[in-house]
Amino acid sequence: MRKLAIGYFLCIANSSVFVTAGLTLYLAFATYPVSVIFRALGWRELARTDRLAGITSLVLGSLGALTYLIVIGAFVIEAGGSSGPMLLYAAVPWTVYSFMEAVSYIRFGRLSRMPTFYLAAVSVPAVLYFDAVAIGLGREVQLPEGPEGTFLYMGGLLMLSGLMAGISFLRYRPYPRTWGAPVAPHLPVRTRAERMGPLQIAGEASRGAGAVTTRPARPVQKVRVEVVSMGTSIICSRCGTESPLTSSSCASCGAAFQKAPYGLRCPVCSAPLRIAKRISADRFVCTQCYSDLRVHLAS
């Protein structure tokens, strides 16, 4: 996720133009296209595990390039005094891809349980505010700026959004997922007879008072959990810190990791299989160590 982290950290430099009264304008001109390229490539990599990321990559790459070209054109013709409408035109693609990114932040915040993703969505009110400014410039209408310092505060929100997104993707570890995956896997449920086995059932029947006959036990079907791809560490669901697979709690925040002493569990980190996420009919991903698992009935 380094491409996305680099791209969003560069957004801090892009957004600084709003809080420095244009002093970092040329810095923004240099870092903005690089930021768009890194972010588009990063979202494209995530598209292998999440479909929405692929759409975000396409929208960001195309509309980000269009925004940059329009802004450059606005400053080229600024001497003619008609750059206002051009900035209004640039605000449209910028708004569309910014909202697309905000939707993706919220989605990945829900998937990863990392609050920093939600904080990255603070760009939305700032984008709407600067859209209003662009409308005023485009129509040559003096709109109220709002309370004193609002322009600087909104620029600060854009910088905060880039910082939170960059931190989030530095910590995020992708795992296979598709749209519509259930919250918990639906695993085959064994009956008591299947869990005990025919010998134990016969023993209980012989000990029971007055028991003379028993029904033949059905063949025992064992559920087997196979590791397709093993995770390398346990990711804390509270703070996102990585810990060794043998850890019982997070070294950073002290949160206890889930360990199942028996029953269906992840063979890698011993987490109960009920917390895994289904990605296909027999494939699951452990949400604690992100190992790729296959669950099937052993013959």
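On a predicted model such as this, the values are computed, not experimentally measured, just so you know. (Residues numbered from 1 in each chain as written. Predicted model: local features only at pLDDT ≥ 70, side-chain atom pairs only at ≥ 80, totals over all residues. Heavy atoms only, no water.)

So, about the packing of aromatic side chains. A complete count under the given rule lists 15 aromatic pairs for this structure. Here Y129 and F130 contribute two aromatic rings whose centre-to-centre distance is 5.4 Å and whose plane-to-plane angle is 75°, an arrangement assigned as edge-to-face. Judged by its relative accessible area of 14%, Y129 falls in the buried class. A residue is classified by how much of its surface remains accessible, and F130, at 7% relative accessible area, is buried. One aromatic cluster in this structure is built from Y8, W43, Y105, F108, F117, F169 and Y172. (Phe/Tyr/Trp six-rings, centres within 6.5 Å; stacked < 30°, edge-to-face > 60°. Buried < 20%, exposed > 50% of the residue type's maximum accessible area, 1.4 Å probe, protein only.)

A rise of 1.5 Å per residue sets the reference length of helix 2 (residues 25-46), with its 22 residues, at 32 Å; its end C-alpha atoms lie 31 Å apart and thus fit the reference within 8%. The principal kink in helix 2, of about 30°, is found at T31, preceding the proline P33 by one to four residues. Those residues of helix 2 lying buried are A28, F29, T31, Y32, S35, V36, R39, A40, G42, W43 and L46. (Helix = DSSP H or I, 4+ residues; strand = E, 2+ residues; numbered from the N terminus. Expected span 1.5 Å × (residues − 1). Bend = angle between axes of the 7 residues up to and from the residue.)

Residues of the protein with pLDDT of at least 70 account for 76%, and the chain-wide mean is 78. Taken together, the stretch residues 176-214 has pLDDT below 50 and engages in 49 contacts with residues farther than four places along the chain or on a different chain. (pLDDT = per-residue confidence, 0-100. Contact = heavy atoms within 4.5 Å.)

Before going further, it helps to spend a moment on the packing of helix 1 (residues 2-15) against helix 2. For the pair helix 1 and helix 2, interaxial distance at closest approach is 7 Å and the crossing angle is 155°. As summarised for this structure, helix 1 and helix 2 are arranged roughly antiparallel, according to the angle between their axes. Considering the relative orientation of helix 1 and helix 2, their crossing is left-handed. Split by residue class, the contact of helix 1 with helix 2 holds 14 nonpolar, 5 polar and 3 charged. (Axes fitted to C-alpha atoms, helices over the stretch in contact; angles between N-to-C directions. Parallel < 35°, antiparallel > 145°, perpendicular 65-115°, else oblique. Left-handed = near helix turned anticlockwise from the far one by under 90°. Nonpolar A, V, L, I, M, F, W, Y, C, P; charged D, E, K, R; others polar.)

Attention now goes to unusual backbone geometry. Unlike most non-glycine residues, S270 shows phi in positive territory, near 70°. The class of S270 is partly exposed, set by a relative accessible area of 23%. A positive phi angle, near 60°, is found at Y290, a position not held by glycine. Positionally, Y290 belongs in the loop between strand 5 (283-285) and strand 6 (292-298).

With that settled, the discussion passes to the pattern of salt bridges. As enumerated under the stated definition, the model contains 5 salt bridges in all. E226 is the salt-bridge partner of R294, the closest N and O atoms lying 3.8 Å from each other. Separated by 68 residues along the polypeptide, R294 in strand 6 and E226 in strand 1 (residues 222-229) bring together distant segments of the chain. The partner of D292 in a salt bridge is R283, and the shortest N-O contact between them spans 2.3 Å. (Salt bridge = Lys/Arg side-chain N within 4 Å of Asp/Glu carboxyl O.)

Residues Y8, W43, L46 and Y105 are the most contacted members of the largest nonpolar core, which totals 32 residues. Of all the secondary-structure elements, those providing two or more residues to this core are helix 1, helix 2, helix 3 (51-76), helix 4 (83-112), helix 5 (115-120), helix 6 (123-138) and helix 7 (150-171). With 6 residues, helix 4 is the largest single contributor of residues to this core. Those residues within four positions of Y105 in sequence are excluded, and the remaining contacts are Y8, W43, F117, A120, A121, S123, S161 and A165. (Core = buried A, V, L, I, M, F, W, Y, C linked by side-chain atoms within 4.5 Å.)

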